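Given next are the chains, with one letter for each unit.
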Amino acid sequence: VQLVESGGGLVQPGGSLRLSCAASGFTFSAYGMSWRRQAPGKERELVAYISGAGGDTNYADSVKGRFTISRDNAKNTVYLQMNSLKPEDTGVYYCTTTHSGRRWWGQGTQVTVSS
């Protein structure tokens, strides 16, 4: 299993970013995918989840209405569209999945929301 995130960066409050996660090494469409983040000095938290077929999604209360998770099973890629970003969204964002009894993580991509 390999997960490679991209798309992070520095953005002003109110701005937008789109994160991507390219997956390989497993049957992508059969597995739910999640985005998690870790803010400085805080534990990692679940941000959003999408089922294998993409029909089921859920979000942390803090991002509902601002973030959208989606996936393209033909490209083995999951996305996180982040709008109306706030300074408290700053952190390292990870793509994750559970496969063969363990959770797999990408290397993470840094998102910094600051003026």
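Look up a bit, the structure's there.
Rules of the game
- Residues numbered from 1 in each chain as written.
- Predicted model: local features only at pLDDT ≥ 70, side-chain atom pairs only at ≥ 80, totals over all residues.
- Heavy atoms only, no water.
- Pairing = 2+ DSSP bridges.
- Helix = DSSP H or I, 4+ residues; strand = E, 2+ residues; numbered from the N terminus.
- Axes fitted to C-alpha atoms, helices over the stretch in contact; angles between N-to-C directions.
- Phe/Tyr/Trp six-rings, centres within 6.5 Å; stacked < 30°, edge-to-face > 60°.
- Buried < 20%, exposed > 50% of the residue type's maximum accessible area, 1.4 Å probe, protein only.
- Lys NZ or Arg CZ within 6 Å of the ring centre and 35° of its normal.
- Contact = heavy atoms within 4.5 Å.
- Core = buried A, V, L, I, M, F, W, Y, C linked by side-chain atoms within 4.5 Å.

### Observations concerning the sheet that holds strand β3 (residues 17-24)
Part 1 of the reasoning: Strand order in the open sheet formed by four strands is β1-β3-β8-β7, and the pairing between neighbours is antiparallel. The outermost strands of the open sheet, each flanked by one partner alone, are β1 (2-6) and β7 (67-72). Between one strand and the next, the sheet's axes are offset by a mean angle of 15°, whatever the strand orientation.
Part 2 of the reasoning: Note: β3 against strand β8 (residues 77-82), six bridges, orientation antiparallel. Following the sheet pairing, S20 is matched in β8 by Y79.

### As for the packing of aromatic side chains
Part 1 of the reasoning: On inspection of all chains with the given rule, the structure shows three aromatic pairs.
Part 2 of the reasoning: Measuring from centroid to centroid gives 6.2 Å for F26 and F28, while their planes differ by 55°, and the two rings are tilted.
Part 3 of the reasoning: With relative accessibility at 2%, the residue F28 sits in the buried group.
Part 4 of the reasoning: Judged by centre distance (5.5 Å) and plane angle (85°), the rings of Y94 and W105 are edge-to-face. Of this pair, Y94 sits in strand β9 (residues 91-99) while W105 sits in strand β10 (residues 102-105), and the two are 11 residues apart along the sequence.
Part 5 of the reasoning: An aromatic cluster is built from F26, F28 and Y31, whose rings are joined through pairwise contacts.
Part 6 of the reasoning: A cation sits over an aromatic face here: R18 above Y79, 4.0 Å from the ring centre.

### What to know about the side chain of T96
Part 1 of the reasoning: Mapping T96 onto the fold places it in strand β9.
Part 2 of the reasoning: Its relative accessible area of 1% is what places T96 among the buried residues.
Part 3 of the reasoning: In this view, T96 contacts L3, G32, M33, S34, R36, R103, W104 and W105; residues no more than four positions away in its chain are not counted.

### Observations concerning unusual backbone geometry
Part 1 of the reasoning: Its identity is not glycine, yet N76 carries a phi of approximately 50°, on the positive side.
Part 2 of the reasoning: Structurally, N76 can be placed in the loop between β7 and β8.
Part 3 of the reasoning: The exposure class of N76 is partly exposed, given its relative accessible area of 27%.
Part 4 of the reasoning: We note that S84 has phi near 50°; this positive angle belongs to a residue other than glycine.
Part 5 of the reasoning: Look at S84 and you get partly exposed, because its relative accessible area is 41%.

### Some remarks on the pairing of strand β4 (residues 33-38)
Part 1 of the reasoning: Of all six residues in β4, five are buried; the element is thus mostly enclosed.
Part 2 of the reasoning: Relative to strand β5 (residues 45-50), β4 is paired through five bridges, and the arrangement is antiparallel. Bridging from a neighbouring strand, W35 pairs with A48 of β5.
Part 3 of the reasoning: With antiparallel pairing between neighbouring strands as the criterion, β4 and β5 make up a hairpin whose turn holds six residues, including G41 at a positive phi of roughly 75°.

### Structural notes on the nonpolar core
Part 1 of the reasoning: Within the largest apolar cluster, 25 residues are counted, with the highest numbers of intra-cluster contacts made by W35, V78, L80, M82 and Y93.
Part 2 of the reasoning: Considering every element that reaches this core, the biggest residue donor is β3, with four residues.
Part 3 of the reasoning: The residues contacting Y93, other than those within four sequence positions of it, are E5, L19, W35, R36, R37, V47, F67, L80, M82, G108, T109 and V111.

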